[in-house]
Amino acid sequence: MSKALFIVDVQNDFTEGGALGVDGGDAVAAAITRHLAEHAADYALIIASRDWHDGDSDNGGHFAAGEPDYVETWPVHCVAGTEGADYDPGLDTASVTHHVKKGQGRPAYSLFEGTTEEGRTVGELLDERGVVDVDVTGIATDYCVRASALDAIGHGRHVRIFTDLIAGVAPDSSERALAELGHAGAEIVTSAP
């Protein structure tokens, strides 16, 4: 059985000091890099996603016109081609097999909503390689990690969430997200064997 690793939105704007930085983001970038150094060969696919928003629009209401509500509307973040949209420097992407950009003029949380530079979807990539198992890492537990993992489950994959390789916006919402994912069938585990 083939296995894939998802690295969700480990970007400068979502790590410490970014427009929507979460506590522990830099540590997650470094921990994913260590995991890749030891386990990259275990995966048929390693897919990394990035928010990649338009700088000249509100991206379908995703960017707040006034005060963001931090539920549906957000401050400007991860604008295409900016430093904020770049991967966190602590994340070594050398073993990433596919880079996916999501957003691009509209709200997007799941990496399944993104495409590669060639226009390929994550679902197509998984189907082509016969991927059954997906390990999920990244930022933020309570938003894009949650959405990506739920979509993977919805696409019939067995999902593991590595709790030591994720960081969330808030403890309560992250706990609720993990409980929801566990109820949906994901395994909530650490990356250590």
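Definitions and limits used
- Position numbers for residues count from 1 along each chain, tracking the sequence in the order it is written.
- Residues qualify for local features only when their pLDDT is at least 70, as the model is predicted, and side-chain atom pairs are given and counted only at 80 or more; totals for whole chains, interfaces and linings, by contrast, use all residues.
- To get the side-chain values, take all heavy atoms of the structure and skip hydrogens and water.
- Strands pair, by our definition, only if DSSP identifies at least two bridges between them.
- Secondary structure elements are taken from DSSP: a helix is a run of H or I of four residues or more, a strand is a run of E of two residues or more, and numbering for both begins at the N terminus.
- Each axis is a line fitted through C-alpha atoms, and for a helix only the stretch in contact is used; angles between axes span 0 to 180 degrees, taken between their N-to-C directions.
- We call two residues in contact whenever any of their non-hydrogen atoms come within 4.5 Å of each other.
- Take the buried Ala, Val, Leu, Ile, Met, Phe, Trp, Tyr and Cys residues and link them wherever side-chain atoms come within 4.5 Å; each set so joined is a nonpolar core.
- Think of it in three bands: residues with accessible area under 20% of the maximum for their type are buried, residues over 50% are exposed, and the middle band is partly exposed, with areas taken using a 1.4 Å probe on protein chains only.

K.L.:
It is not clear to me how the sheet that holds strand β4 (residues 131–139) should be interpreted in this structure. Could you clarify?
P.N.:
Note: strands within a sheet are paired through backbone hydrogen bonds, in either parallel or antiparallel orientation. The six strands lie next to each other as β3-β2-β1-β4-β5-β6, forming an open sheet whose pairing is parallel. Lying at the two open borders of the sheet, with one neighbouring strand each, are β3 (98–103) and β6 (187–189). Shown here is a sheet whose adjacent strand axes are inclined to one another by a mean of 25 degrees, direction ignored. In this sheet, strand β2 (residues 45–52) lies alongside strand β1 (residues 2–8) in parallel orientation, the contact comprising five bridges. Bridged to Val-8 within β2 is Ser-49. Of the strands in this sheet, β1, β2, β4 and β5 (158–167) are in contact with helix α1 (residues 25–39), which crosses β5 at around 125 degrees. Sitting on the sheet, helix α4 (residues 171–184) is in contact with β5 and β6, with an inclination near 165 degrees to β5.

K.L.:
How should I be thinking about the nonpolar core in this particular structure?
P.N.:
Note on soluble globular proteins: their nonpolar side chains tend to be buried together. With 27 residues, the main nonpolar core has Ile-7, Val-10, Ile-32, Leu-36, Ile-46, Leu-91 and Ile-139 as its most contacted residues. Of all the secondary structure elements, the ones that give two or more residues to this core are β1, α1, β2 and β5. In terms of residues, this core owes the most to one element, α1, which gives five residues. Ignoring anything within four residues of it in the chain, the contact list for Ile-46 reads Leu-5, Ile-7, Leu-36, Ala-40, Ser-95, Val-96, Thr-97 and His-98. Listed in part, the 24 residues of the second largest apolar core include Leu-111, Ala-152, Val-159 and Ile-166.

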